[in-house]
Amino acid sequence: MAVQISPSILSADFARLADAAASVSNADWLHVDVMDNHFVPNLTIGLPVVESLRAATTLPMDCHLMIEDPDRWAPAYAEAGAASVTFHIEAARAPIRLARELRALGARAGMALKPATPVEPYEDLLAELDLLLVMTVEPGFGGQKFLDVCVPKIRRSRELIAKHGGELWLQVDGGVSAETIERCAEAGADVFVAGSAVFSSDDPGRVIDELRRRASEATARASWQFAR
Ligand code: DX5
Ligand code: ZN
């Protein structure tokens, strides 16, 4: 699969989200960070904004739910038209049931891991998922420094995905920029979220092209690419 870029509107102007979406029309997804001030110490946007954005962009929405009780709240994001819905495993009570519910509603089911959460205990769950998100910062805020300590987990996740086969995408989120994207791609990521790197630029579309080029070249060099 070709690499995919998912710009995070967390770093955009919240008063002009439709313009922000239009400025990244060359992206593959629009990454929407939902935070509830409980799972993470920050409050962002929720369902009404996702519903409005649905009508304001043709980009598919990739909703990253940093919230408590995703079992209760996540399905509504699929119903609101999010093409991909990612919950945190640290907050989910019945992740298999939730992933199946999201898929039944027509969304891709994603599961996210905070930096200190290992992937190995969830090996058997991977078949239930369409996307695994390895966080490369502590979730909650944009503009944080990339955590290199998470790179080995990207590599181990790619190995588990290769072992089981299937079409699971491996997403990274947090501190992804022109400087860090190659090490993520080389380790096995294929979907890249970038917030501040994209929206701090006067030309977000050009940054997306640049991130895509760097990730594609690093993937072409990566050994995991040939092991599949
Ligand atoms: C952080 C969010 C990210 C955030 C990334 O908790 O999940 O999606 O927007 O922002 P950058 O790319 O600036 O680290
Ligand atoms: Zn995110």
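Peer 1: Which residues make up the packing of aromatic side chains, and what values do they have?
Peer 2: Scanning the model with the defined rule gives 1 aromatic pair in all. Arranged with centres 6.0 Å apart and planes meeting at 75°, the rings of Trp29 and Trp169 form a pair that is edge-to-face. Pair noted here: Trp29 is in the loop between α1 (17-22) and β2 (30-35) and Trp169 is in strand β7 (residues 169-173), with a separation of 140 residues, a long-range link. Like Trp29, the residue Trp169 is buried in the burial classification. The aromatic ring of Trp224 is capped on one face by Arg158, whose charged end is 4.1 Å from the ring centroid.

Peer 1: Tell me about the coordination of the zinc ion (ligand 2), residues and numbers included.
Peer 2: Octahedral metals with six donors have ideal donor angles of 90 or 180 degrees. Tetrahedral metals with four donors have an ideal donor angle of 109.5 degrees. The coordination sphere of the zinc ion (ligand 2) contains the protein donors His31 (NE2), Asp33 (OD), His64 (ND1) and Asp173 (OD), at a distance range of 2.1 to 2.3 Å. Given 6 donor atoms and angles of 72 to 172° at the metal, the environment of the zinc ion (ligand 2) is assigned as octahedral. We note that the donor set of the zinc ion (ligand 2) lies within a single chain, spaced as H-x1-D-x30-H-x108-D. With Asp33 in strand β2 and His64 in strand β3 (residues 61-66), the pair connects residues that are 31 residues apart, well separated along the chain.

Peer 1: How would you sum up the environment of Asn42? Please name residues and give values.
Peer 2: Its place among the elements puts Asn42 in the loop between β2 and α2 (47-56). Between the alpha carbons of Asn42 and Ala99 there is a distance of 25 Å; along the sequence they are 57 residues apart. A distance of 2.8 Å separates a polar side-chain atom of Asn42 from the backbone oxygen of Gly140.

Peer 1: Give me the lowdown on the nonpolar core, citing residues and values where you can.
Peer 2: Membership of the largest hydrophobic core comes to 65 residues, with the highest contact counts inside it found for Ile9, Val32, Val85 and Phe192. Top contributing element to this core by residue count: helix α8 (residues 204-221), with 5 residues. Not counting the four nearest positions on each side in its chain, Val85 is found in contact with Cys63, Leu65, Ala74, Tyr77, Ala78, Leu102, Ala107, Arg108, Ala109 and Gly110.

Peer 1: Which residues make up the sheet that holds strand β6 (residues 131-135), and what are the values?
Peer 2: Reading across from one edge, β1-β8-β7-β6-β5-β4-β3-β2 is the order of the 8 strands in this open sheet, with parallel pairing throughout. Looking at strand neighbours, the two that pair on one side only are β1 (4-7) and β2, the edges of this open sheet. Direction aside, the axes of adjacent strands within the sheet are offset by 25° on average. Pairing of β7 with strand β8 (residues 191-194), which is carried by 3 bridges, proceeds in the parallel orientation. Looking across to β8, one finds that Gln171 is bridged to Val191. Sheet strands in contact with helix α5 (residues 151-164) are β5 (108-113), β6 and β7, and its direction is about 170° off that of β7. Across the sheet, α8 lies against β1 and β8, angled at about 145° from β1, the strand it touches most.

Peer 1: Account for the site of ligand 1, naming residues and giving values.
Peer 2: Around ligand 1, the structure places 20 residues, and the nearest of them are Ser8, Gly140, Asp173, Gly175 and Ser196. Between ligand 1 and Gly140 there is a distance of 2.7 Å, counted from an oxygen atom to a backbone nitrogen or oxygen. Contact distances for ligand 1 include 2.7 Å between an oxygen atom and a side-chain N or O atom of Asp173. For ligand 1, the accessible surface in isolation is 380 Å², of which the surrounding protein chains cover 100%. Of all the elements in the fold, those that place two or more residues in the shell around ligand 1 are β2, β3 and β8. Looking at the shell around ligand 1, the element that brings in the most residues is β2, giving 3 residues. Split into classes, the residues belonging to the shell around ligand 1 amount to 8 nonpolar, 10 polar and 2 charged.

Peer 1: Explain the pairing of β6 residue by residue, including any values.
Peer 2: β6 sits mainly inside the fold: 5 of its 5 residues count as buried. Residues Leu131, Leu133 and Met135 line one face of β6 and the alternating positions Leu132 and Val134 line the opposite face, and both faces are buried. Where β5 lies against β6, 4 bridges are found, and the strand directions are parallel. Bridging from a neighbouring strand, Gly110 pairs with Leu131 of β6. As defined by bridge partners, β6 adjoins β7 across 5 bridges and the pair is classed as parallel. Looking at β7, one finds that Leu132 is bridged to Leu170. At this point the chain moves from β6, through α5, to the parallel β7, and the crossover so formed is right-handed.

Criteria and thresholds
- Residues numbered from 1 in each chain as written.
- Chains lettered and ligands numbered in written order.
- Predicted model: local features only at pLDDT ≥ 70, side-chain atom pairs only at ≥ 80, totals over all residues.
- Heavy atoms only, no water.
- Phe/Tyr/Trp six-rings, centres within 6.5 Å; stacked < 30°, edge-to-face > 60°.
- Helix = DSSP H or I, 4+ residues; strand = E, 2+ residues; numbered from the N terminus.
- Buried < 20%, exposed > 50% of the residue type's maximum accessible area, 1.4 Å probe, protein only.
- Lys NZ or Arg CZ within 6 Å of the ring centre and 35° of its normal.
- Donors = N, O, S within 2.8 Å, 3.2 Å for Na, K, Ca; no water.
- Tetrahedral: all angles 85-135°; square planar, octahedral: opposite > 155°, others 65-115°.
- Polar contact = N/O pair within 3.5 Å; in protein donor to acceptor, adjacent residues only side chain to side chain.
- Core = buried A, V, L, I, M, F, W, Y, C linked by side-chain atoms within 4.5 Å.
- Contact = heavy atoms within 4.5 Å.
- Pairing = 2+ DSSP bridges.
- Axes fitted to C-alpha atoms, helices over the stretch in contact; angles between N-to-C directions.
- Near = heavy atom within 4 Å.
- Areas by Shrake-Rupley, 256 points an atom, 1.4 Å probe, with all protein chains shown as cover.
- Nonpolar A, V, L, I, M, F, W, Y, C, P; charged D, E, K, R; others polar.
- Right-handed = clockwise from strand over helix to strand, strands pointing away.

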